[in-house]
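Summary of structural features
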Amino acid sequence: MNMTVKEKTEKPEEEVKAENNQKEENSNESSNSMNLAIIGGIVGAGIGLLSSPGTSQRVMKSLSESEVMRVASKELKRTAQEILTEQAVNSIRQTASGYMNKSGGSLLPNLKKNDDKEEKSDSDKDEQSSQYDEIKEDNKNLNERLDKIEDVLNQLVDSKK
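Below, the structure is looked at part by part. (Residues numbered from 1 in each chain as written. Predicted model: local features only at pLDDT ≥ 70, side-chain atom pairs only at ≥ 80, totals over all residues. Heavy atoms only, no water.)

Examining the overall build of the chain
When you go through the chain residue by residue, the secondary structure sums to six helices and zero strands. Reading the secondary structure of the chain in the N-to-C direction produces α-α-α-α-α-α. Across the 161 residues in the chain, those meeting the buried criterion constitute 7%. The contacts in the chain between residues at least 6 apart in sequence include a share of 66% that link residues at least 24 apart. Looking at the chain as shown, the accessible area adds up to about 13,900 Å², and 55% of this sits on carbon and sulfur atoms. (Helix = DSSP H or I, 4+ residues; strand = E, 2+ residues; numbered from the N terminus. Buried < 20%, exposed > 50% of the residue type's maximum accessible area, 1.4 Å probe, protein only. Contact = heavy atoms within 4.5 Å. Areas by Shrake-Rupley, 256 points an atom, 1.4 Å probe, with all protein chains shown as cover.)

Structure representation (C-alpha cells):
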C-alpha cells in the first residue's frame, strides 16, 4: 500500500478525458452563444434599417431592379407550377384508384360476367362524367391561379423598376 508521490499526483486517464470533454463543451457553448449574439445583432440592424421609410424604399428599389429578384420570381413560378402539377397528378391518381377499387382492380370489365353486369347504369356514367368534369374544372382553376400569381409577380417587378 505504499504509493509513491508520482502515483498520488497523476490522475487516471478517464478523469483527464472527462475534464477535456467538459472544457470542449464549455468552449462550444460559448462559441454558440457568440454566434447567436452576432446573428441577433444583424437581424436587429436589418429591422432597424427597414423600419426607416427612406432606407426601406431604397432597399426595395434596389431589390426590384436586381437580377436576383427576377431569378427568384421565375423559380417561385416554376416551383408553384410543380406543386400544382403534383397536386393535380395526385388527385387524378386518387380518382383512378377509386375507379380501380370499384371495378375490382382491373381497368377493363370482366367479359365473363352477364350482360347486365357489364353495362354500367346511366347513374354510374353520369357520376364518372361529373367527376371528370370536376377534375377538368379544378385543373382550369389551378391554371388560372397560377396565371394570376405570375401576373402579380410580373407587376411587382415592373412596378419596382
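A look at the pattern of salt bridges
Opposite charge on two side chains allows them to pair when their charged atoms are near. Scanning the entire structure with this criterion turns up four salt bridges. Glu-75 is the partner of Arg-78 in a salt bridge, and the nearest nitrogen-oxygen pair spans 2.6 Å. Here Glu-75 and Arg-78 lie together in helix H4 (residues 67-102), a separation of three residues that amounts to about one turn. Look at Glu-75 and you get partly exposed, because its relative accessible area is 36%. A salt bridge links Lys-77 to Glu-150; the shortest N-O distance between them is 2.8 Å. One end of the pair, Lys-77, is in helix H4; the other, Glu-150, is in helix H6 (residues 122-159), and 73 residues separate them in sequence. A network of salt bridges, in which partner residues are shared, links Glu-75, Arg-78 and Glu-82. (Salt bridge = Lys/Arg side-chain N within 4 Å of Asp/Glu carboxyl O.)

Overview of a nonpolar patch on the surface
Taken together, the side chains of Leu-50, Val-59, Met-60, Leu-63 and Met-69 present a nonpolar region at the surface, about 390 Å² in accessible area. In terms of residue count, helix H3 (residues 53-65) provides more of the nonpolar patch than any other element does, three residues in total. Following the sequence through the fold, Leu-63 ends up in helix H3. According to the relative accessible area criterion, Leu-63 is partly exposed, its value standing at 38%. (Patch = residues over 30% accessible without salt bridge, like charges linked within 9 Å, V, L, I, M, F, W, Y side chains within 5 Å.)

Section: H3
Spanning 13 residues, H3 covers 18 Å between terminal C-alpha atoms, matching the ideal 18 Å at 1.5 Å per step. What H3 keeps buried is the set Thr-55, Ser-56 and Ser-64. All buried residues of H3 lie within an arc of 165 degrees about the axis, which places them on one face of the element. Exposed and oriented more than 90 degrees from the buried face of H3 are Gln-57 and Arg-58. (Expected span 1.5 Å × (residues − 1). Arc of directions from axis to C-beta.)

Let's talk about a negative patch on the surface
A cluster of acidic residues, Asp-133, Glu-134, Glu-137, Asp-138, Glu-144, Asp-147 and Asp-151, forms a negative patch on the protein surface. Within the secondary structure, Glu-134 sits in helix H6. (Lys, Arg positive; Asp, Glu negative; His and termini not counted. Charge placed at Lys NZ, Arg CZ, Asp CG, Glu CD.)

Topic: the environment of Ile-149
Relative to the helices and strands, Ile-149 is located in helix H6. Classification of Ile-149 as partly exposed rests on a relative accessible area of 40%. Expressed as a C-alpha distance, the spacing of Ile-149 and Leu-76, which sit 73 residues apart in the sequence, is 9.7 Å.

Overview of the packing of helix H2 (residues 13-51) against H3
Between H2 and H3, whose axes approach to 5 Å, the crossing angle comes to 100 degrees. By the angle between their directions, the pair H2 and H3 is classed as roughly perpendicular. Contact residues: H2 offers Leu-49, Leu-50 and Ser-51, while H3 offers Pro-53, Thr-55, Ser-56 and Val-59. (Axes fitted to C-alpha atoms, helices over the stretch in contact; angles between N-to-C directions. Parallel < 35°, antiparallel > 145°, perpendicular 65-115°, else oblique.)

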